[in-house]
Amino acid sequence: MCLWEQMGRPGKVNLVELGPGRGTLMVDLLRGASKFKSFIESVHIHLIECSPTLKELQHRNLKCEDEDDSSPTSEKKTISRLAGTSVSWHAAFEQVPSGVPTIIIAHEFYDALPVHQFQKASRGWCEKMVDVAEDSSFHFVLSPTPTPAKLFLAKRCKWAVREVDKLNQIEICPKAMELTESISKGISADGGGALIIDYGLNGLVSDSLQAIRKHKFVDILDKPGTADLSAYVVFESIRLSAEEASGDVSVHGPMTQSQFLGSLGINFRVETLMQNCTSDEQAELLRAGYWRLVGEGEAPFWEGPEDKAPIGMGTRYLAMAIVNKNQGIPIPFQ
């Protein structure tokens, strides 16, 4: 809403979410913004999703209805009954129509993009790859010749020459660099901004790729396709990609999720909700939810048992904003 105000309340704006999951975040966003008619009337929602199953779930949770226009040449429109806004799905960000200001949300999206790992050998940096042994098991090997991803490694090394010299292994995400460049160029040309929140670091990463099955870490090569793969998001790489792609954007952050939510007024919000709690159970759920989001050690409202301590999302998750310079800096909470 603040960004839309800063853009001068445009009559048309693309609201894009990368990797919407079940659609929960967008449902909450529309519920909260539905009271602001002029904003909602300007919005066209674009969801970047390649899974047919998740697309179906998003369609249902957003209470979408497909409308057939009376004209035989018109395309079928999909409307979310939560706020009366039109909704479109795309397999990639590049498919979102250009020409209007765009607001982009990427929450836990970048960490799912594929990473490439390189290891220093006598012949230089070699990409770590997967091979099949004689017993049909998988194992890691080093590439005998240069791979296409080495072009992105060269760019990453250019950005951090001294730090790279100290490492024997490095991890890069070319897709994150390319996506950020597209976002930066779009914001530069049409106006708008992007908010990125994810689990990551603001520096070089040597080896963070991990596999999780049933909430437990497992070997990456164990039963491929049966576990979730995740890697740290390298926010420094995102920032440098955005700045190199266009001189007309400014990058703010990263800051910790705790700092980000604090600047939006989460502490005041919790105090108000606590006063309206009708039971101890409700208050306890509120405390646990708050602590889960901002936990970074001692939390002002946490009085629960130590064995129920949160996972530290407040500091492990970082937030970064990319905005068009002509719109000014993001407005802090007052």
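Scroll up a little and you will see the structure.
This section reports on the structure supplied with the text. Note that the structure is a prediction, hence the values are computed from the model and not measured. (Residues numbered from 1 in each chain as written. Predicted model: local features only at pLDDT ≥ 70, side-chain atom pairs only at ≥ 80, totals over all residues. Heavy atoms only, no water.)

Considering unusual backbone geometry
And then number 1: Note that the residue after Gly253, namely Pro254, is joined by a cis bond; omega there is 10 degrees.
And then number 2: In this structure, Pro254 sits in strand S16 (residues 249-256).
And then number 3: Although it is not a glycine, Lys63 adopts a positive phi angle of roughly 55 degrees.
And then number 4: By the element assignment, Lys63 lies in the loop between helix H4 (52-61) and strand S3 (64-67).
And then number 5: Despite not being glycine, Lys214 shows a phi value in the positive range, around 55 degrees.
And then number 6: Mapped onto the elements of the fold, Lys214 is located in the loop between strand S12 (210-213) and strand S13 (216-218).
And then number 7: For Lys214, a relative accessible area of 77% puts it in the exposed group. (Helix = DSSP H or I, 4+ residues; strand = E, 2+ residues; numbered from the N terminus. Buried < 20%, exposed > 50% of the residue type's maximum accessible area, 1.4 Å probe, protein only.)

Here we look at empty space enclosed by the protein
And then number 1: Evaluation of the coordinates by the stated rule reveals one cavity of 30 Å³ or more.
And then number 2: The volume enclosed by the largest cavity comes to roughly 140 Å³.
And then number 3: Lining the largest cavity are 18 residues, with Cys173, Ala176, Tyr232, Val233 and Val234 positioned closest to its centre.
And then number 4: Every element with two or more residues in the lining of the largest cavity is listed here: strand S10 (169-172), helix H7 (174-190), strand S15 (233-234) and helix H8 (235-245). (1 Å grid on protein atoms, 1.4 Å probe; cavity = no way out; pocket = protein on both sides within 12 Å on 5 of 7 lines; lining within 4 Å. Points joined across faces, edges and corners; volume = space filled by probe spheres on them.)

Details of a nonpolar patch on the surface
And then number 1: Taken together, the side chains of Val130, Val132, Phe138 and Phe140 define a hydrophobic patch exposed on the protein surface, amounting to about 360 Å² of accessible area.
And then number 2: When residues of the nonpolar patch are traced back to their parent elements, those giving at least two are strand S8 (124-132) and strand S9 (138-142).
And then number 3: Counting through the fold element by element, Val132 comes out in strand S8. (Patch = residues over 30% accessible without salt bridge, like charges linked within 9 Å, V, L, I, M, F, W, Y side chains within 5 Å. Areas by Shrake-Rupley, 256 points an atom, 1.4 Å probe, with all protein chains shown as cover. Salt bridge = Lys/Arg side-chain N within 4 Å of Asp/Glu carboxyl O.)

Thoughts on the pattern of salt bridges
And then number 1: The final tally for this structure, using the stated rule, is 11 salt bridges.
And then number 2: The closest approach of N and O atoms between Glu181 and Lys155, which form a salt bridge, is 3.0 Å. One end of the pair, Glu181, is in helix H7; the other, Lys155, is in helix H5 (residues 150-159), and 26 residues separate them in sequence.
And then number 3: Residues joined by salt bridges that share partners form a network here, namely Lys155, Lys158, Glu181 and Glu244.

Re the packing of aromatic side chains
And then number 1: Throughout the structure, instances matching the rule amount to four aromatic pairs.
And then number 2: Measuring from centroid to centroid gives 5.4 Å for Trp4 and Phe39, while their planes differ by 70 degrees, and the two rings are edge-to-face. Remark: Phe39 occurs in helix H3 (residues 37-42) and Trp4 occurs in helix H1 (residues 2-6); sequence separation between them is 35 residues.
And then number 3: Overall, the relative accessible area of 2% leaves Trp4 in the buried class.
And then number 4: Residue Phe39 is classed as buried on the basis of its relative accessible area, which comes to 4%.
And then number 5: Linked through ring pairs, Tyr199, Tyr232 and Tyr317 together constitute an aromatic cluster.
And then number 6: Here Lys128 stacks its cationic end above the ring of Phe140, 5.2 Å away from the centre of that ring. (Phe/Tyr/Trp six-rings, centres within 6.5 Å; stacked < 30°, edge-to-face > 60°. Lys NZ or Arg CZ within 6 Å of the ring centre and 35° of its normal.)

Quick word on the sheet that holds strand S7 (residues 116-121)
And then number 1: Across the sheet, four strands lie side by side as S9-S8-S7-S10; this open sheet has antiparallel pairing. Looking along the sheet, the strands with just one partner apiece sit at the ends: S9 and S10. Across the sheet, the mean angle from the axis of one strand to that of its neighbour is 35 degrees, orientation sign disregarded.
And then number 2: When S8 meets S9, the two strands line up antiparallel, connected through five bridges. Within S9, the position partnered with Val132 by the bridge is Phe138. (Pairing = 2+ DSSP bridges. Axes fitted to C-alpha atoms, helices over the stretch in contact; angles between N-to-C directions.)

Quick notes on the nonpolar core
And then number 1: By size, the foremost hydrophobic cluster in this structure holds 26 residues, and its most contacted members are Leu18, Phe93, Ile104, Tyr110, Leu179, Ile183 and Ile322.
And then number 2: Secondary-structure elements contributing two or more residues to this core are strand S1 (13-18), strand S6 (102-107), H7, strand S11 (192-201), H8, S16 and strand S17 (317-324).
And then number 3: The biggest single contributor to this core is H7, with four residues.
And then number 4: If we skip the residues at most four places from it in the chain, Ile104 touches Val16, Leu18, Phe93, Ile183, Ile187, Gly193, Ala194 and Leu195.
And then number 5: Residues Met26, Val43, Ile103 and Ile105 belong to the second largest nonpolar core, which totals 21 residues. (Core = buried A, V, L, I, M, F, W, Y, C linked by side-chain atoms within 4.5 Å. Contact = heavy atoms within 4.5 Å.)

Quick word on the pairing of S11
And then number 1: The element S11 is extensively covered by neighbouring structure, given that seven of its 10 residues are classed as buried.
And then number 2: Where S6 lies against S11, six bridges are found, and the strand directions are parallel. In the sheet register, Ala106 faces S11, and the bridge partner there is Ile196.
And then number 3: Taken together, the two bridges between S11 and S15 define a ladder with parallel strand orientation. Bridged to Gly200 within S15 is Val233.

Structural notes on the sheet that holds S12
And then number 1: Read from one edge of the open sheet, three strands run S13-S12-S14, paired in antiparallel fashion. Every other strand in the sheet has two partners, leaving S13 and strand S14 (228-230) as the edge strands with one partner each. For this sheet the average axis-to-axis angle between neighbouring strands, irrespective of direction, equals 40 degrees.
And then number 2: Sheet topology note: the S12/S14 ladder contains three bridges and is antiparallel. Opposite Ala211, over in S14, you have Leu229 as the bridge partner.

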